[in-house]
Amino acid sequence: MNDENKPVEVPEELLNQVAVTSMGELASQSFIDKAYNWGRRNSVWPVFFGLACCAIEMIATASSRYDFSRFGMEVMRASPRQADLLIISGTVTKKMLPQIIRLYNQMPEPKYVLAMGACASGGGPFKEGYNVVSGIDKFLPVDVYVPGCPPTPQALIHGLMKLQEKIDSQSIKEVSWYDKENRGDPIPMPVLGPDLMDPRDFSANGKAKE
Amino acid sequence: MSEQIAAAPVDLISLFPDQVKADERVGYEGFMVEPKALVKVVVALRDELGYDYLSSVTAADYIDDHKIEVVYHFFKSTGGTNLTLSTQVSREKAVVPTLMHEFPSMELQEREVYDMFGVEFTGHPDLRRVLLWDGFEGFPLRKDYKEAYFTAEKKPFTNRWPEGHITRAEDATPYKKNVVYPDNLKPFEEYDPSVENLLYSGMKNFLPEDQRELNTEPVMVNFGPQHPSTHGVFRMAAILDGETVMALKPVMGYLHRNHEKIGERNTYLGNIPFTDRLDYISSMANNFAYVVAVEKLMGPRVQIPERAEYLRVIMSELTRIVNHTWAIGFLLNDLGAFFTPALYAMIERELILDIFEATAGSRMMCNYYRFGGVSRDIPEDAMAKLKGLVYERLPRKIDELDIYLSENEIIRERTEGVGILSPEEAIAYGASGPVLRASGVPYDIRRAEPYGIYDQFDFDVAVRYHGDTYDRYVIRLDEVRQSLRILQQALKTIPEGPVLLKNPYNVRVPAGEAYGRAEAPKGELGFYLVSDGTANPFRYHVRSPSFINLTSLEKMSLGLKIADVFAILGSLDIVLGEVDR
Amino acid sequence: MNKEKNNLYGTGIIKGALVTMRHFIDTYLDDIRMLGKRYMTQESIEYRRSKDVKGIFTVQYPDEKLPPQEEFRFIPFLVYDTHEDGTDMIRCTSCGICSKVCPPQCIWIVQTIDEKTGRPIPEPAEFYIDIDICMNCGFCAEFCPFDAIKMDHDYELASYDRTKAHLFNKERLMKPASYYAKIRPTYFEREEAVRLEKEAKKAAAAKTKAERASKSAQAD
Ligand code: SF4
Ligand code: SF4
Ligand code: SF4
């Protein structure tokens, strides 16, 4: 038992490339967990939501040559209410950010976010611009990052498989969305003032925090 | 070419001896007009001299002279080179009369100039910010505007080498979300989260007089920015009476990536990969237009090897095929033929993208053109495959697409007679590319003002005469066929030889201005460049066809059912990277 | 081709449906024709990339991978040579050209300074690329005068965290010349040929110089 709980040693260069699930942990996953994860991993429905150039590669991934319906992901839903995965496929601009956050808040749990491309991960080539948010992870919790500009369709599928691995490692007992106390609050909506204004930056008296 | 320009000045200056003078700065050509006389001069230009196509308006901030210059580019719809008209106003009180009533194509563009430079156009009925949101602080393209991650005026930044200790830009600003708040920031609560009131009140103004009071029947509906049929993050606000559109406003800027500001900080060479990301479906064509503009500035000293000229044409025409098949596929998507036509179109696209990948290195962001040539030669196996595609597969597949779709009764009924744009309107609204030609104006820059070696090829300018959605669909098939014709000739006669003579990384161009344009798949893609002789452009403006084609969207949609609006939008074939830049 | 409208309503739709039908049937015909070799073989991937492809078109990543073509570029990497004595020599001389041409300015280089003389040594002390900014444009590889930075083919880089993993440092960027030779054989050969030629010229020049020196020594 102790053995199983011991943290697995992962070489540093692989630290972010592997989901840590020891054999013990996998074995200790109950049958219910496995069935639960099997069902979820094979029916990850993305939101039909394209932002910029990367969205074109996302559509290419969905279409004839790469066809991610082989992973049960072909049902791209235009409504966030019916989707599990938000693929941020492109440059996040300040003007668009409130809408993205609204979309995210409208998605039912369990929900995942995949940052596709340099722009969504960290701002990309347009990072220095006045209307560009440097990475969606400043506002949303991102599960998988796929670098590249644009990532090729195969790179995107690789990222989606990484997401499946992550889903595999979750346990129904621990996931936050059944936990009444710790269920995450919706992300506070930023407001477009003289610049993008995140309510979290402002103290109770409504002044900007340093 | 030069005769036309030489012929015009006499007329204009003799017509308005007091208000117009020739622009005498080194490297500039065109006319300087008094702001007060602008409307008069423009009307004379249009009615007496035949310059009926006002292609673009933009501005440049000459901060050292304390002036903002508003620049207009005119063309004749029968062909020929541009005529530049500029007018200078002071930076503090930048007011220019609107030309929107003479040229409706100015509606969105003047709003853009207002948004970026703070130039006020008196008489414009709906002068709001277009790419940013109302309430934004500052005018970004003025030279004294600095963004939150500002490092230095010009690239290359000196803190990258030799002492390039890495920092993330986030760590440099106080609010790590790349935001700089003004000093006189009001408390958070005072901001209204909906900044759209101006938009809606603006729309009321566009309604007919007796329907101004939105009391009961008409409904305000927003489509987008997250909507599967808007081709990206585009938004339309419409006032509907039942299902009929009574007023419609495009709302854009959700993908405004500050292309021009970044471009002015960047070097000439460094802008090439950024142009890839304008119209990201047809990056090669963007490269082409940009190098045409820069080579125009550089003057005759650039030598382009013959093989490179051929490769430029080949790649640009392949891009047109990619773009048009994609556009057809997604137009059908919008009509409700969910995805099957798009999937078939995408097969051909993927095969062509393979060739791009083998030649330029990337499927989408090709970064292939250089000043004075192209970056690499096409490998032999890719050439063999390309020949197979051009001579055998693509003609067959285009015919298949034609059989598959063109006679389909549902498509015809949904598109024929819908969204009609007459030739006069098309010109007045500044439409270009397939949209203009589907309205019966045979205007194609490859013929009207040939660039590259297009004058050596035998092809027809595709033109259709109804100006409806169906014609805008069929004309794309026609154009693909013409592109194949060009390709077939080019592949037969392409000579051997080098593709690039020299490739310096510190490109400098002489001081002056230039407006270079090319027939991109979506229409006239123009680049307005002002050089001050340094390694970075002083002004870098993109005249984007998608953006300007949207000006006529409202005109085409009024009185139609809301479902038709999506068909019209699909037939305009916009790409948001280019609309918002 | 704007044909006359069909008289019989519905023929257009039927014609279109037949096209779909043909695509459907083609797939099975192809399967039968290339029995057993239609999927999972190198040959079949080539077929699906060729102009003759009919029927199903999907490449089933990750079981089959569409091999990147030689010119394909993703994130850059730094080439190092391994000498006969086993030491690794990074080719980069920290001349800074790549960081100057990089359009989004995502390359950060610190030059090594010789502590004694205070002069720069041709080797970078630090070399960082922020791959969350890099636009994979390939300019760095195109303009590097020492063939020291090249564009990689490895695109499978998805990760769960970016703060550290997406800042590539020198160690992360370095890859052996043999790897480069593997992914870009024609480039490598061309550059090797140029390099050998240069070296031969240098050797010849050195030789003539030495000869001249010895001659003049003799003359003395
Ligand atoms: S990462 Fe590159 S391809 Fe993707 S959206 Fe950003 S600029 Fe476009
Ligand atoms: S990688 Fe090449 S261009 Fe860059 S610093 Fe090193 S030697 Fe110079
Ligand atoms: S590929 Fe382009 S963006 Fe990336 S490091 Fe090289 S020059 Fe910079």
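Quantities reported herein were computed from a predicted structural model and do not represent experimental measurements. (Residues numbered from 1 in each chain as written. Chains lettered and ligands numbered in written order. Predicted model: local features only at pLDDT ≥ 70, side-chain atom pairs only at ≥ 80, totals over all residues. Heavy atoms only, no water.)

Colleague: Quick question: what am I supposed to make of the overall build of chain A here?
Modeller: Helix and strand counts for chain A stand at 7 helices and 5 strands. Along its sequence from the N terminus, chain A presents helices and strands in the succession α-α-α-α-β-α-β-α-β-α-β-β. Here chain A, with 210 residues, has 61% of them falling under the buried criterion. Expressed as a percentage of contacts within chain A between residues at least 6 apart in sequence, the contacts between residues at least 24 apart total 74%. When the accessible area of chain A is evaluated, it comes to approximately 8,200 Å², of which 53% is carbon and sulfur surface. (Helix = DSSP H or I, 4+ residues; strand = E, 2+ residues; numbered from the N terminus. Buried < 20%, exposed > 50% of the residue type's maximum accessible area, 1.4 Å probe, protein only. Contact = heavy atoms within 4.5 Å. Areas by Shrake-Rupley, 256 points an atom, 1.4 Å probe, with all protein chains shown as cover.)

Colleague: Teacher, can you tell me more about the domain arrangement of chain B here?
Modeller: Interfaces are frequently sized by the accessible area removed from exposure as the parts join. Residues and elements named next belong to chain B. What the domain assignment lists for chain B is domain 1 (3–122) and domain 2 (259–580). Listed as interface residues are 32 residues of domain 1 and, on the opposing side, 26 residues of domain 2. Interface area for domain 1 against domain 2, summed over the two sides, is near 2,400 Å², with a carbon-plus-sulfur share of 60%. Looking at the side of domain 1 facing domain 2, the largest losses of area belong to Tyr-53, Pro-104 and Leu-108, adding up to 22% of the total buried there. Seen at the junction of domain 1 and domain 2, the total is 0 salt bridges. Applying the counting criterion to the domain 1 and domain 2 interface returns 13 residue pairs in polar contact (both at pLDDT 80 or more). Elements with a minimum of two residues in the side of domain 1 that touches domain 2: β3 (53–62), β4 (67–75) and α3 (106–117). Ranked by residues supplied to the side of domain 1 that touches domain 2, first place goes to β3 with 9 residues. Among the residues making up the side of domain 1 that touches domain 2, the classes are represented as 13 nonpolar, 13 polar and 6 charged. (Domains from an automatic or database assignment. Buried area = accessible area lost by both parts, 1.4 Å probe. Salt bridge = Lys/Arg side-chain N within 4 Å of Asp/Glu carboxyl O. Polar contact = N/O pair within 3.5 Å; in protein donor to acceptor, adjacent residues only side chain to side chain. Nonpolar A, V, L, I, M, F, W, Y, C, P; charged D, E, K, R; others polar.)

Colleague: Help me out: how do you make sense of the confidence of the model for chain A in this one?
Modeller: Should pLDDT be low for a region, the predicted coordinates there are not to be read in detail. For chain A, per-residue confidence averages 80 on the pLDDT scale, and 82% of positions sit at 70 or higher. Every residue in residues 1–5 of chain A scores below 50 in pLDDT, and together they form 2 contacts with partners more than four places removed in sequence or on other chains. (pLDDT = per-residue confidence, 0-100.)

Colleague: How do you make sense of the sheet that holds strand β4 (residues 120–130) of chain C when you look at a structure like this?
Modeller: Sheet strands pair via backbone hydrogen bonds, and the direction of the pair is either parallel or antiparallel. Residue and element names in this part refer to chain C. Strand order in the open sheet made by the 3 strands is β3-β4-β6, with antiparallel pairing throughout. Unpaired on one side and paired on the other, β3 (107–113) and β6 (167–168) mark the two borders of the sheet. The pairing of β4 with β6 spans 2 bridges and is antiparallel. Within β6, the position partnered with Ile-129 by the bridge is Phe-168. (Pairing = 2+ DSSP bridges.)

Colleague: Help me understand the packing of aromatic side chains in this model?
Modeller: Working definition: an aromatic ring pair is given by the centre-to-centre distance plus the angle between the planes. According to the stated counting rule, one finds 32 aromatic pairs over all chains in the structure shown. Aromatic side chains Phe-75 of chain B and Tyr-515 of chain B sit 6.0 Å apart centroid to centroid with 50 degrees between the ring planes, which places their arrangement in the tilted category. Of this pair, Phe-75 of chain B sits in strand β4 while Tyr-515 of chain B sits in strand β13 (residues 512–520), placing them 440 residues apart in sequence. Judged by relative accessible area, which is 0%, Phe-75 of chain B ranks as buried. When its relative accessible area of 3% is taken as the criterion, Tyr-515 of chain B is described as buried. One Lys or Arg, Arg-172 of chain C, reaches over the ring of Phe-168 of chain C and ends 4.0 Å from the middle of that ring. For the cation-ring pair, Arg-184 of chain C lies above Tyr-187 of chain C, with the distance from its terminal atom to the ring centre recorded as 5.7 Å. (Phe/Tyr/Trp six-rings, centres within 6.5 Å; stacked < 30°, edge-to-face > 60°. Lys NZ or Arg CZ within 6 Å of the ring centre and 35° of its normal.)

Colleague: What's the story with helix α2 (residues 42–49) of chain C in this structure? I'm lost.
Modeller: Given 3.6 residues per turn, any residue in an α-helix points the same way as the ones three and four places further on. Of the residues making up α2 of chain C, those classed as buried are Ser-44, Ile-45, Tyr-47, Arg-48 and Arg-49 of chain C. Looking at the buried positions of α2 of chain C, the neighbouring elements they touch are α9 (340–360) and α10 (380–405) of chain B together with α1 (11–33) of chain C.

Colleague: Would you mind going over the site of ligand 3 with me for this structure?
Modeller: In the neighbourhood of ligand 3, 14 residues make up the surrounding shell, with Cys-102, Cys-134, Met-135, Cys-137 and Cys-140 of chain C lying closest. Looking at side-chain class alone, the shell around ligand 3 contains 12 nonpolar, 2 polar and no charged residues. (Near = heavy atom within 4 Å.)

Colleague: Would you explain the pattern of salt bridges in this entry?
Modeller: Pairing of side chains with opposite charge becomes possible as their charged atoms draw close. Using the criterion set out here, one finds 72 salt bridges over all chains in the structure. Its salt-bridge partner being Asp-126 of chain B, residue Arg-128 of chain B comes within 3.0 Å of it at the nearest N-O pair. According to the relative accessible area criterion, Arg-128 of chain B is buried, its value standing at 6%. The salt bridge involving Asp-81 of chain C is made with Arg-91 of chain C; its shortest N-O contact spans 3.1 Å. Residue Asp-81 of chain C is located in strand β1 (residues 76–82), and its partner Arg-91 of chain C is located in the loop between β2 (88–90) and α3 (97–101); the two are separated by 10 residues in the primary sequence. When its relative accessible area of 10% is taken as the criterion, Arg-91 of chain C is described as buried. Each of Glu-57 and Arg-65 of chain A, Glu-350, Asp-354, Glu-357, Arg-363 and Lys-385 of chain B together with Arg-49 of chain C takes part in a single network of salt bridges with overlapping partners.

Colleague: Got a minute to help me understand the site of ligand 2 in this structure?
Modeller: Of all residues adjacent to ligand 2, which total 13 residues, the nearest are Cys-92, Cys-95, Gly-96, Cys-98 and Cys-144 of chain C. For the shell around ligand 2, the residue count by class is 10 nonpolar, 3 polar and no charged.

Colleague: Please explain the interface of chain B and chain C as it appears in this structure.
Modeller: If you look at the interface, chain B gives 63 residues, while chain C gives 57 residues. On the chain B side of the contact with chain C, Arg-160, Trp-161 and Arg-168 of chain B bury the most area, a combined 14% of that side's loss. For the pair chain B and chain C, the number of links is 8 salt bridges. The shortest N-O distance in the salt bridge between Glu-357 of chain B and Arg-49 of chain C comes to 4.0 Å. Linking chain B with chain C are 27 residue pairs in polar contact (both at pLDDT 80 or more), by the criterion used here. Of all the elements in the fold, those that place two or more residues in the side of chain B that touches chain C are α6 (271–276), α9, α10, α11 (409–415) and α15 (469–493) of chain B. In terms of residue class, the side of chain B that touches chain C is made up of 23 nonpolar, 15 polar and 25 charged.

Colleague: In this structure, what is going on with unusual backbone geometry? I would like to understand it.
Modeller: In most cases, non-glycine residues show a negative phi, while peptide bonds are predominantly trans. Across the junction of Trp-161 of chain B and Pro-162 of chain B, the peptide omega takes the value 0 degrees, indicating a cis bond. Inspection of the secondary structure puts Pro-162 of chain B in the loop between β7 (120–122) and α4 (197–206). With omega at 5 degrees, the peptide bond leading from Tyr-61 of chain C into Pro-62 of chain C counts as cis. Here Pro-62 of chain C lies in the loop between α2 and β1. With a phi angle near 50 degrees, Asp-147 of chain C is a residue other than glycine that sits in the positive phi range. Within the secondary structure, Asp-147 of chain C is located in the loop between α4 (139–143) and β5 (149–151).

Colleague: Looking at this structure, how should I read the environment of Asp-152 of chain C?
Modeller: Residues and elements named next belong to chain C. Inspection of the secondary structure puts Asp-152 in the loop between β5 and β6. Each C-alpha atom of the pair Asp-152 and Pro-76 lies 5.4 Å from the other, and the pair is 76 residues apart in sequence. Setting aside residues no more than four positions away along its own chain, Asp-152 makes contact with Phe-72, Arg-73, Phe-74, Ile-75, Pro-76, Phe-77, Lys-175, Tyr-179 and Ile-183. Of note is the side chain of Asp-152, whose polar atom sits 3.3 Å from the backbone nitrogen of Asp-154. A polar atom in the side chain of Asp-152 sits 2.5 Å from the side chain of Lys-175.

Colleague: Can you help me understand the interface of chain A and chain B in this one?
Modeller: Facing 56 residues of chain A, the contacting portion of chain B comprises 67 residues. Counting each side, the surface lost to burial between chain A and chain B is near 5,700 Å², with a carbon and sulfur contribution of 64%. Looking at the side of chain A facing chain B, the largest losses of area belong to Lys-95, Glu-128 and Tyr-130 of chain A, adding up to 16% of the total buried there. Our count for the contact surface shared by chain A and chain B stands at 4 salt bridges. Between Glu-57 of chain A and Arg-363 of chain B there is a salt bridge whose closest N-O contact spans 2.9 Å. For the interface between chain A and chain B, the tally reads 20 residue pairs in polar contact (both at pLDDT 80 or more). Counting residues per element, the side of chain A that touches chain B draws most heavily on helix α4 (residues 53–62) of chain A, at 5 residues. Partitioned by chemical class, the residues of the side of chain A that touches chain B number 30 nonpolar, 13 polar and 13 charged.

Colleague: Explain the sheet that holds strand β15 (residues 537–543) of chain B to me, please; I cannot follow it from the model alone.
Modeller: All names here are of chain B. One open sheet accounts for 3 strands, arranged β13-β14-β15; its pairing is antiparallel. At either margin of the open sheet sits one strand with a lone partner, and together these are β13 and β15. Each neighbouring strand pair of the sheet contributes to a mean axis angle of 15 degrees, computed without reference to strand direction. Here strand β14 (residues 523–531) pairs with β15 via 6 bridges, running antiparallel. Paired with Leu-529 across the two strands is Tyr-540, which belongs to β15. (Axes fitted to C-alpha atoms, helices over the stretch in contact; angles between N-to-C directions.)

Colleague: So what exactly am I meant to see when it comes to the packing of helix α8 (residues 306–335) of chain B against α10 of chain B here?
Modeller: All names here are of chain B. The geometry of α8 relative to α10 is characterised by a closest axis approach of 13 Å and an angle of 25 degrees between their N-to-C directions. Taken together, the axis directions place α8 and α10 in an arrangement best described as roughly parallel. Crossing geometry of α8 relative to α10 is assigned as left-handed. Every residue of α10 that contacts α8 at Ile-314, Leu-318, Ile-321, Thr-325, Ile-328 and Leu-332 is listed here: Leu-386, Leu-394, Ile-398, Leu-401 and Leu-405. Residue classes in the contact of α8 with α10 are distributed as 10 nonpolar, 1 polar and no charged. (Parallel < 35°, antiparallel > 145°, perpendicular 65-115°, else oblique. Left-handed = near helix turned anticlockwise from the far one by under 90°.)

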